Amino acid sequence: MAELDERSRILLKTLIERYIADGQPIGSRALSKQSGLELSPATIRNVMSDLEEAGFISSPHTSAGRIPTSRGYRLFVDNLLTVQPMHKAQLLELKEQLQPDQPQRLISAASNLLSQLTHFAGVVVAPRREAIRIRQIEFVSLSDTRILLIIVTTRGDVQNRILLTQRKYSPSELVTAANYLNQQYAGLDFDDIRGRLKAELQQLHSDMSELMTAAVDVGSKAVEESSQYILSGETNLLDVEDLSSNMARLRELFKLFDQKTGLLQLLDVSNRAEGVQIFIGGESGLAPLDECSVITAPYEVDGQVVGSLGVIGPTRMAYERVIPIVDITARLLSSALSSNN
């Protein structure tokens, strides 16, 4: 900020606010009218040139106007932004939906609310939980080599995954395999099941070994993923013009959502920070997010940070509106989980 005088700050703030609102490059004439400064278009063009040279704005090839860069957004968010209070209706909706309840339902509700209120993708990293134990496993044949694996946990969660097998299994074989797993391993977590199954496989019929091993490997991954984070409204990003215009980048973004690891590492940073964190463009260190901003905040149970939540959207977002939504959702989720504990 020290390198910018008051005039430059006002013009940059006006340009970014107009660009966020309209999505169109801003020219000197428009800035002259909207900034409230009595400056000639020539003077404004000089200031714009200086801001561009400093890396705060850039000129698209197709227009004489300017748009903010990630560096410009960063300065705007850190020093020029005036955060707006949440609308009463939004605040009431959050409070109603985030009452003390089952933790898993609260986390799902928070993710959905973040998405609904911002029209972007909402994400909540679930608290690390004790090992998830299995109540029941079922197999359903879909075709000769495709089998549906149904996992019911002792918490009542249900996970479905497709198994691809080397050969066809008859209905009686599928029932036999499911009965064996349920009778021998119900009440155990997948790590325990894997260890015991490996030791016992040689005693089983070899034709069933492939199916059972695949079920444990795929089931373990499914349960692990379900306990990591809940993502809601990612399809909203298909309606964001700034993102949908680059389908290759959008596919990379959805691939990132599927893989989860990279996004989890980014969100884990929030667990070690205080308050709202904002990652703009390349600051995330994840290439698929180069045209996105991620706004996160940690949440607590009884004063201990147990997870984080956030919103993923385009760099051109209404930060003054999204930041308080993320902040207040984290506070209300903390309160509801602590009351429920």
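On a predicted model such as this, the values are computed, not experimentally measured, just so you know.

### Focus on empty space enclosed by the protein
Summed over the entire model, instances satisfying the criterion amount to 1 cavity of 30 Å³ or more. Roughly 60 Å³ of volume is contained in the largest cavity. Contributing to the lining of the largest cavity are Gln84, Pro85, Met86, His87, Gln90, Glu320, Arg321 and Pro324. The dominant element in the lining of the largest cavity, judged by the number of residues it contributes, is helix H13 (residues 319-340), at 3 residues. Among the residues making up the lining of the largest cavity, the classes are represented as 3 nonpolar, 3 polar and 2 charged.

### Re the sheet that holds strand S6 (residues 158-164)
Spatially, the 3 strands line up as an open sheet ordered S4-S5-S6, and their pairing is antiparallel. Lying at the two open borders of the sheet, with one neighbouring strand each, are strand S4 (134-141) and S6. Here the strands of the sheet are splayed against their neighbours by 20° on average, with no regard to which way each runs. Both strand S5 (residues 146-153) and S6 contribute to a ladder of 7 bridges, which runs antiparallel. Residue pairing in the sheet places arginine 146 in a bridge with leucine 164 of S6. Along the sheet, helix H7 (residues 171-185) contacts S4 and S5; its crossing angle with S4, the most-contacted strand, is approximately 175°.

### Some thoughts on the side chain of serine 308
Within the secondary structure, serine 308 is located in strand S10 (residues 304-314). Not counting residues up to four positions away in its chain, the partners in contact with serine 308 are Val123, Val124, Val125, Leu267, Ser270, Asn271, Ala297, Pro298 and Tyr299.

### Quick notes on the confidence of the model for the protein
The predicted model of the protein has a mean per-residue pLDDT of 87, with 93% of residues at 70 or higher. When pLDDT is averaged over each element of the protein, strand S8 (residues 277-280) comes out on top at 95 and helix H9 (residues 206-226) at the bottom at 74.

### Focus: the nonpolar core
Generally speaking, a soluble globular protein has its nonpolar side chains buried in company with each other. Residues Leu12, Met48, Leu289, Ile312 and Tyr319 are the most contacted members of the largest nonpolar core, which totals 78 residues. For this core, the element with the highest residue contribution is H13, accounting for 10 residues. When near neighbours in sequence (up to four residues on either side) are disregarded, isoleucine 312 contacts Phe120, Ala121, Val123, Leu231, Leu237, Phe257, Leu263, Leu289, Ser293 and Val294. One finds Ile137, Leu174, Ala178 and Leu197 within the second-largest nonpolar core, a separate group that totals 22 residues.

### Comments concerning the pairing of S4
Examined bridge by bridge, S4 and S5 share 7 bridges and lie antiparallel to one another. Looking at the pairing, serine 141 lines up with isoleucine 147 of S5. Taking the residues that link successive antiparallel strands as the turn, the S4-S5 hairpin has 4 residues.

Conventions and cut-offs
Residues numbered from 1 in each chain as written. Predicted model: local features only at pLDDT ≥ 70, side-chain atom pairs only at ≥ 80, totals over all residues. Heavy atoms only, no water. 1 Å grid on protein atoms, 1.4 Å probe; cavity = no way out; pocket = protein on both sides within 12 Å on 5 of 7 lines; lining within 4 Å. Points joined across faces, edges and corners; volume = space filled by probe spheres on them. Helix = DSSP H or I, 4+ residues; strand = E, 2+ residues; numbered from the N terminus. Nonpolar A, V, L, I, M, F, W, Y, C, P; charged D, E, K, R; others polar. Pairing = 2+ DSSP bridges. Axes fitted to C-alpha atoms, helices over the stretch in contact; angles between N-to-C directions. Contact = heavy atoms within 4.5 Å. pLDDT = per-residue confidence, 0-100. Core = buried A, V, L, I, M, F, W, Y, C linked by side-chain atoms within 4.5 Å. Buried < 20%, exposed > 50% of the residue type's maximum accessible area, 1.4 Å probe, protein only.

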